[in-house]
Amino acid sequence: MSSKNTDKTLFASLDNPFAETNEQKFTVPGQVASAPGLYENSLKAGWELQNRPFNAAGVKSIQRQHQKKRMTIWERIECLADEKPTVLYQNWGPNLDGASLVTALIKINNRDVAIYGHDFTVRAGSMDATNGKKLARLFELAAKSKIPVVGLNDSAGAYIPAGVGGLDGYADAFTALRKISGVVPSIMCMFGFNAGGGSYLPRQGSFLIQPNETFFGLTGPGVVKSVLGEDVTPDELGGPGVHSQSGVTDFVVPDELAALRKVRQLLNYLPSYNGEMAPVQASSDPVDRKTWDIDILLKKAFNSPTGFNTPIDISILIQQLCDHGDFLEIQPERARNTITALGRMGGNVIGFVANNSAVSSGQIDIPAAYKNARFIRFCNLYNIPVIFLEDTTGFLPGKEQEAGGIVQAGRAMLDAIVDLRTPRFLVLVRNAFGGAYASYNNYATGADFVVALPTTRVAVMGPAGVEYVYKSELRKIRAAVNEKIALETQAQTAAGLPPEDAAQAAQQLVADWVKSEEKLLVERYERELMNPNEALSLGSISQIVMPSDLRQVLVEQMDFCLRHYEAQPLQSVQREFH
């Protein structure tokens, strides 16, 4: 069998050889029928151009897309939109310039949204100069109309035969998308296999969603093999497991349909532009609902043998605070020692930044600091209030962290907190030590409201601070060790023990005595310093709140702050670093 015939048998044809072609007629109702002329011919030509984007792929190309478990661009839009899209900029050049990119206006949850998507069935969704101008126009329209942007990315990158035109196209798109960053939010989905500019462009967006079994990166495995001699699979190079850990991807989902649903879910928490609040959603969850589950969690944790050193899952507190326990975690697979999330309290959208002691004691390391900083900056741009839940022993120390730039990462987080203009609260849950407390949205860094649970331990240092606060007492205890060992040895020898056994028993008894004395000092340190008393007396904390009353106190105070907050674009000085 010839290769030509083999190719024909790959796909079943959906063409009916007996079907009659019904040609589009262009007649005006109520008018006498007449032979078509120049006018009707012009209408026919226009109608064909009008429908050309919808018929560009052909049956075989659509089948190839489906065999890869991918939708076509039109199927993706149909799943996402409430109704039929308004397709914009239907330009087509002699080499199908512009054909591989669809730009449109759609409604999602009854909100206007600007959308673009690569048509992989046409020239692998590649970018030429015409595509770039289309995208730039769409982004400019979105900013002018104050509506969000959604990108459905499925592109092989720049169209090589277009030469530098493909690169210019990406440059046009990069520039336009950068200019609307912070003006309108954008959500990007990564479908299929994206490389080069097809990776740069979507990461300029506010959020990026990547389904499993997809790839995006600077280059594909083939280029890596030819340049570096490394054998690597697409998933190892640019799959969801890679990008979700680096923070390049914000959400990993099972498939394309889940990605489109995530877009709809995320849009519910976002304003359309930077001059308004996120949409309020009426809730039947009472404002004064008691948060008894927080009580239960803390009681079980702190009454356990490990006491105040017991890890707790901070997401349980977020779930208890939010209306009906519903919230959306951002970058849930990265830096689990901190949690960033969007939820609602009293119907208002709230951002949450929380130390999670269930992972690495909630210590702030480099990934956690950058994860927090980026989320806080987004909330600052789009008028989203933020509640911080603090329970951390501090920034993670060590050679590896210093070499990786923990100072720079911590400063990025601190800068984002200081620059935050929206209503922002701090809840001290348990540990708040040293630099982590000083940089974590307290009154000094601009908080509007600071409260503490009775379990709060605020101090310059954790239990290690005993060595500095009670230095003289510890020195006396340790200085008395040798004398006590000698006395105990004599006593044990007098009791009839052999000298070696007497010395060993004496050392054990004295060691136990030292531990008990040090424990008493630790308990004294916790009683005198590791508690909210001093912070409350100094005004660093506004009030102590019972765990079961936390939701009511926060919702009522947030309602007051939001009534007196004016949503508007960020107008402060742009600092040197970000």
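In what follows, the accompanying structure is described. This one's a predicted model, so the numbers in the text were calculated from it and none came from an experiment. (Residues numbered from 1 in each chain as written. Predicted model: local features only at pLDDT ≥ 70, side-chain atom pairs only at ≥ 80, totals over all residues. Heavy atoms only, no water.)

## Focus on the pattern of salt bridges
Here the structure, examined in full by the defined rule, presents 17 salt bridges. In this structure, the salt-bridge partner of D323 is R551, at a minimum N-O distance of 3.0 Å. Pair noted here: D323 is in the loop between helix 13 (315–321) and strand 10 (327–330) and R551 is in helix 23 (residues 550–563), with a separation of 228 residues, a long-range link. A single burial state applies to D323 and to R551, both of which are buried. Residue R563 pairs with D559 through a salt bridge whose shortest N-O separation is 2.5 Å. Of the two residues, R563 and D559 are both situated in helix 23; the distance of four residues between them amounts to about one turn of the helix. Salt bridges here are not isolated pairs; linked through shared partners, they connect R70, R76, D154 and E256. (Salt bridge = Lys/Arg side-chain N within 4 Å of Asp/Glu carboxyl O. Helix = DSSP H or I, 4+ residues; strand = E, 2+ residues; numbered from the N terminus. Buried < 20%, exposed > 50% of the residue type's maximum accessible area, 1.4 Å probe, protein only.)

## Details of the packing of helix 4 (residues 73–80) against helix 11 (residues 256–267)
At a minimum axis distance of 10 Å, the contact between helix 4 and helix 11 shows a crossing angle of 40°. In terms of axis orientation, helix 4 runs oblique to helix 11. At the point where helix 4 passes helix 11, the crossing takes the right-handed sense. Residues R76, C79 and L80 of helix 4 form the contact with helix 11, whose own contacting residues are E256, L257, L260, V263 and R264. Its residues assigned to classes, the contact of helix 4 with helix 11 comprises five nonpolar, no polar and three charged. (Axes fitted to C-alpha atoms, helices over the stretch in contact; angles between N-to-C directions. Parallel < 35°, antiparallel > 145°, perpendicular 65-115°, else oblique. Left-handed = near helix turned anticlockwise from the far one by under 90°. Contact = heavy atoms within 4.5 Å. Nonpolar A, V, L, I, M, F, W, Y, C, P; charged D, E, K, R; others polar.)

## Section: the pairing of strand 3 (residues 111–118)
The buried fraction of strand 3 amounts to seven of the eight residues, a majority that puts the element mostly inside the structure. As judged from the eight bridges shared by strand 2 (residues 101–108) and strand 3, these two strands associate in the antiparallel manner. Each bridged residue has a counterpart across the sheet, and for L105 the counterpart in strand 3 is A114. Looking at chain direction, strand 3 and strand 4 (residues 149–153) are connected through four bridges and run parallel. Across the sheet, the residue bridging to A114 is V149, located in strand 4. At this point the chain moves from strand 3, through helix 5 (residues 129–145), to the parallel strand 4, and the crossover so formed is right-handed. (Pairing = 2+ DSSP bridges. Right-handed = clockwise from strand over helix to strand, strands pointing away.)

## A short note on the environment of G132
With respect to the helices and strands, G132 occurs in helix 5. Setting aside residues up to four positions removed in sequence, G132 forms contacts with M127, G169, D172 and A173.

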